[in-house]
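Given next are the chains, with one letter for each unit.
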Amino acid sequence: ELGTNKAVVCEETDKHGRGVLLVNAKRHVQGEFSKRSSRRVIKHQLDTAVNLLTKSNAETLLVIVDLRGFSLRNADLTLISYLIDVFFVFYPRRLDQILLLDAPLLFQPTWLAIKPLLRSYAKLVSFVSLAEAESYFQDNRIPASFRALSKREQ
């Protein structure tokens, strides 16, 4: 499951020196892997991201969730709830901002279910376009790892 690259920790930081975790929502298909496997991938990626924060003297993460191509089969509320709990319990104050990239109208019911689960983290969420997401990076260029993932999708 780790090889699906549904979540990638960037070596680059954003303009504010935050670590960056990129999530490609359409690569997660509910039921494709066991919940246990998916939870282990989440924990591994977050541990990797936090370790990179330490190496780059950063303290917080920017999470970009690419919702281009999102469908209901990608809406795994159980796993999203687990991810939120992991941030609250194991990584308090590490999450600085969440960008939801190009959310389709179909995502709205999922968002309405997720928002209350986020509690205080809900204020960290912004819905953005690709151009707006790029503005968070030096020279308005989103990390190469994100561009590479996007090209593979086409």
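Each remark here, short or long, concerns the structure printed above.
Residues numbered from 1 in each chain as written. Predicted model: local features only at pLDDT ≥ 70, side-chain atom pairs only at ≥ 80, totals over all residues. Heavy atoms only, no water.

(A) Molecular detail of the overall build of the protein. Looking only at helices and strands, one finds five helices and five strands in the protein. The secondary structure elements of the protein, listed N-terminal to C-terminal, are β-β-α-β-α-β-α-β-α-α. Taken over C-alpha atoms, the radius of gyration comes to 14 Å for the protein, in line with the 15 Å a tight globule of 154 residues would show. Considered along the principal axes of its C-alpha atoms, the protein spans approximately 35 × 35 × 30 Å. Split into buried and exposed, the 154 residues of the protein put 44% on the buried side. A separation threshold of at least 6 residues defines the contact pool for the protein, and within that pool the share at least 24 residues apart is 83%. Seen as two clouds, the 22 positive and the 16 negative side-chain charges of the protein have centres 4 Å apart. (Helix = DSSP H or I, 4+ residues; strand = E, 2+ residues; numbered from the N terminus. Rg over C-alpha atoms; globule rule 2.2 N^0.38 Å. Buried < 20%, exposed > 50% of the residue type's maximum accessible area, 1.4 Å probe, protein only. Contact = heavy atoms within 4.5 Å. Lys, Arg positive; Asp, Glu negative; His and termini not counted. Charge placed at Lys NZ, Arg CZ, Asp CG, Glu CD.)

(B) Structural view of the packing of aromatic side chains. Taken as a whole, this structure holds five aromatic pairs when the rule is applied. Taken together, the ring pairs connect Phe70, Phe107, Trp111 and Phe127 into an aromatic cluster. For the cation-ring pair, lysine 43 lies above phenylalanine 90, with the distance from its terminal atom to the ring centre recorded as 4.9 Å. Between arginine 119 and the ring centre of phenylalanine 88, over which it is positioned, the NZ or CZ distance is 3.9 Å. (Phe/Tyr/Trp six-rings, centres within 6.5 Å; stacked < 30°, edge-to-face > 60°. Lys NZ or Arg CZ within 6 Å of the ring centre and 35° of its normal.)

(C) Here's a closer look at the sheet that holds strand S4 (residues 95-101). If you walk across this open sheet you meet the five strands as S1-S2-S3-S4-S5, and the pairing is mixed. This sheet does not close on itself; its edge strands, each paired only once, are strand S1 (7-9) and strand S5 (125-128). For this sheet the average axis-to-axis angle between neighbouring strands, irrespective of direction, equals 20°. As judged from the six bridges shared by strand S3 (residues 61-66) and S4, these two strands associate in the parallel manner. From the neighbouring strand, valine 63 faces S4, where its bridge partner is isoleucine 98. In the packing of helix H1 (residues 35-55) onto the sheet, the strands contacted are S1, strand S2 (19-24) and S3, and the crossing angle to S1 comes to about 15°. (Pairing = 2+ DSSP bridges. Axes fitted to C-alpha atoms, helices over the stretch in contact; angles between N-to-C directions.)

(D) Focus on helix H3 (residues 108-118). Among the residues of H3, Thr110, Trp111, Ile114 and Leu118 are the ones counted as buried. Viewed end-on, H3 has its buried residues packed into an arc of 90°, placing them on one side of the element. Opposite the packed face of H3, turned more than 90 degrees from it, sit the exposed residues Pro109, Leu112 and Pro116. Against helix H2 (77-90), S4 and S5 lie the buried residues of H3. Within two residues after H3, arginine 119 carries a phi angle of roughly 50°, on the positive side. (Arc of directions from axis to C-beta.)

(E) Expanded view of the environment of glutamate 1. With respect to the helices and strands, glutamate 1 occurs in the segment before S1. A sequence separation of 137 residues divides glutamate 1 from glutamine 138, and the C-alpha atoms of the two residues are 31 Å apart. Every residue in contact with glutamate 1, bar those within four places of it in the chain, is listed here: Lys6, His28, Phe33, Ser34, Ser37, Ser38 and Val41.

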